[in-house]
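Reading the structure
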Amino acid sequence: MNDFARRLRDAARARLPEGAFLRRDRGDALYVTDAPLRGGKVDWAAAGFICREAEGLARLTPSAVWLARLEARYPEPPDPLCRALRRFSGPPDAAVLELFARAVKQLDGGERDPRYSRDLRQRAAVCLREHIPGGGLYACALANYLIEKERGL
């Protein structure tokens, strides 16, 4: 498990009520937990997560705070893709947050997502074509770099 992914997991775990589980989500979010069933309201935003609750489960996606933290660790782009996407700025939209969650799942020990790099490039192309600021794409590219570095690609 990557140290950045560990920090994310630790931040979520620190908010869990006693007995609640935390697992990688199989959907668009990063984690899923049964914390809503375990009592008390959890301030997920204070830990840097966007929370969607339904049917007793909370689905957690890293907020822009986590993307900014990763970007701050790499003021200089470490590879060509990062260099190309460094120029995108502004708040990330839902599509970028979902992309980032997909990358962190891999850094957290999840299965390799062979479509990730392609989907990241396609999102950047959409942002350029539709004049969308594309905030967070640099963080997604950094996560891609970390995935490739860990896997020796």
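Below: a short report on this structure. (Residues numbered from 1 in each chain as written. Predicted model: local features only at pLDDT ≥ 70, side-chain atom pairs only at ≥ 80, totals over all residues. Heavy atoms only, no water.)

1. Some details on the overall build of the protein
- Of the regular secondary structure elements, the protein holds six helices and four strands.
- Tracing the protein from N to C terminus, the helices and strands come up as α-β-β-β-β-α-α-α-α-α.
- For the protein, the spread of C-alpha atoms along the principal axes amounts to about 45 × 35 × 25 Å.
- Taking all 153 residues of the protein together, the buried fraction comes to 50%.
- Considering only contacts within the protein whose residues lie at least 6 apart along the sequence, 63% involve residues at least 24 apart.
- Carbon and sulfur atoms make up 49% of the accessible area of the protein, which amounts to about 8000 Å² in all. (Helix = DSSP H or I, 4+ residues; strand = E, 2+ residues; numbered from the N terminus. Buried < 20%, exposed > 50% of the residue type's maximum accessible area, 1.4 Å probe, protein only. Contact = heavy atoms within 4.5 Å. Areas by Shrake-Rupley, 256 points an atom, 1.4 Å probe, with all protein chains shown as cover.)

2. Re the pairing of strand S4 (residues 57-62)
- Bridge count for strand S2 (residues 31-33) against S4 is three bridges, and the pairing is antiparallel. Its bridge partner lying in S4, Thr-33 is registered against Ala-58.
- Across six bridges, the pairing between strand S3 (residues 49-54) and S4 is antiparallel. Bridge pairing links Arg-52 to Arg-59 in S4.
- Between S3 and the antiparallel strand that follows it, S4, lie two residues; Glu-55 among them carries a positive phi value of about 55 degrees. (Pairing = 2+ DSSP bridges.)

Purely geometric stuff here, so don't read any function into it on its own.
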